[in-house]
Amino acid sequence: MKALTIKQPWVYAILREGKDIENRSWQRSFRGWLALHASATPRHGARFPRGHRVPDLDTLDYSAICGLARVADIVTKSRSKWFWHPDDGTTNYGWVLANVKVLQTPIPCKGALGLWDVPPKVLRQLQHQLPKLKLA
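Computed from a predicted model, the values in this text were never measured in an experiment.

Chemist: Can you explain helix α2 (residues 120-129)? Please cite residues and give values.
Modeler: For α2, the set of buried residues is Val122, Leu123 and Leu126. Looking straight down α2, one finds its buried side chains confined to an arc of 100 degrees; they lie on one side. Exposed residues on α2 whose side chains face more than 90 degrees from its buried face are Pro120, Lys121, Arg124 and His128. At its buried positions, α2 is contacted by β3 (32-38), β4 (64-75) and β5 (93-108).

Chemist: Go over the pairing of β5, please, and point to the residues and values.
Modeler: Bridging between strand β2 (residues 21-24) and β5 involves four bridges; their strand directions are antiparallel. If you follow Ile21 over to β5, its bridge partner there is Val96. Sheet topology note: the β4/β5 ladder contains nine bridges and is antiparallel. Counted as the bridge partner of Val71 is Leu97 from β5.

Chemist: Got a sec to walk through the pattern of salt bridges? Specific residues and values, please.
Modeler: For the structure shown, the criterion picks out four salt bridges. Asp117 is the salt-bridge partner of Lys2, the closest N and O atoms lying 2.8 Å from each other. Of this pair, Lys2 sits in strand β1 (residues 2-6) while Asp117 sits in strand β6 (residues 115-117), and the two are 115 residues apart along the sequence. When its relative accessible area of 52% is taken as the criterion, Asp117 is described as exposed. Between Lys19 and Glu22 there is a salt bridge, and its shortest N-O distance comes to 2.9 Å. For Lys19, a relative accessible area of 4% puts it in the buried group. Through salt bridges with shared partners, a single ionic network connects Lys19, Glu22 and Arg24.

Quick notes on the rules
Counting of residues starts from 1 at the beginning of each chain's written sequence and follows it residue by residue. Local features in a predicted model are, by the rule used here, given only for residues with pLDDT of at least 70; side-chain atom pairs are given and counted only at 80 or more, and totals for whole chains, interfaces and linings are based on all residues. Based on all heavy atoms of the structure, the side-chain values leave hydrogens and waters out of the count. Each residue is assigned to one of three classes by its accessible area relative to the maximum for its type, calculated with a 1.4 Å probe on protein chains only: buried under 20%, partly exposed between the two thresholds, exposed over 50%. Note on conventions: DSSP H or I runs of at least 4 residues are helices, E runs of at least 2 residues are strands, and numbering of each starts at the N terminus. This arc is built from the directions going out from the helix axis to the C-beta atoms. We call two residues contacting when some pair of their heavy atoms lies within 4.5 Å. Only strands that DSSP links by at least two bridges are regarded as paired with each other. Salt bridge, as applied in this entry: a Lys or Arg side-chain nitrogen positioned within 4 Å of an Asp or Glu carboxyl oxygen.

Encoded structure:
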């Protein structure tokens with residue numbers, strides 16, 4: 001299973017605020033279940049779309065897999081309020097997220113850049129918390 005490290009409060013936004021797009025400067029052919037890993041450090045100064053409250057960063061989980069989502073598509077245009085439109089002419093790749101699942105207990109884990117493989121021990125813990133999903 002693949003994972004993606006994302007800074008808080010963006011993991012929170014995916015899991016709790018309906019953020020349906022993860023913005024990246026790169027794309028992959030990957031589709032399927034993705035573990036959402038909260039990085040060790042937050043993104044200070046993050047701004048959410050109108051109607052969504054940025055949480056207190058001290059209340060969030062870090063260095064842990066906090067949930068899962070299915071990558072349904074990767075697009076360069078979207079009407080989602082969470083899609084970032086760069087002003088400098090660069091291309092933004094919006095990873096379209098669906099079927100978001102929040103873990104009852106975040107799983108401590110070291111992250112990495114790019115897409116990375118979930119360690120077998122962590123995958124077993126994910127499967128234990130979400131036994132109805134076929135993750136492997």
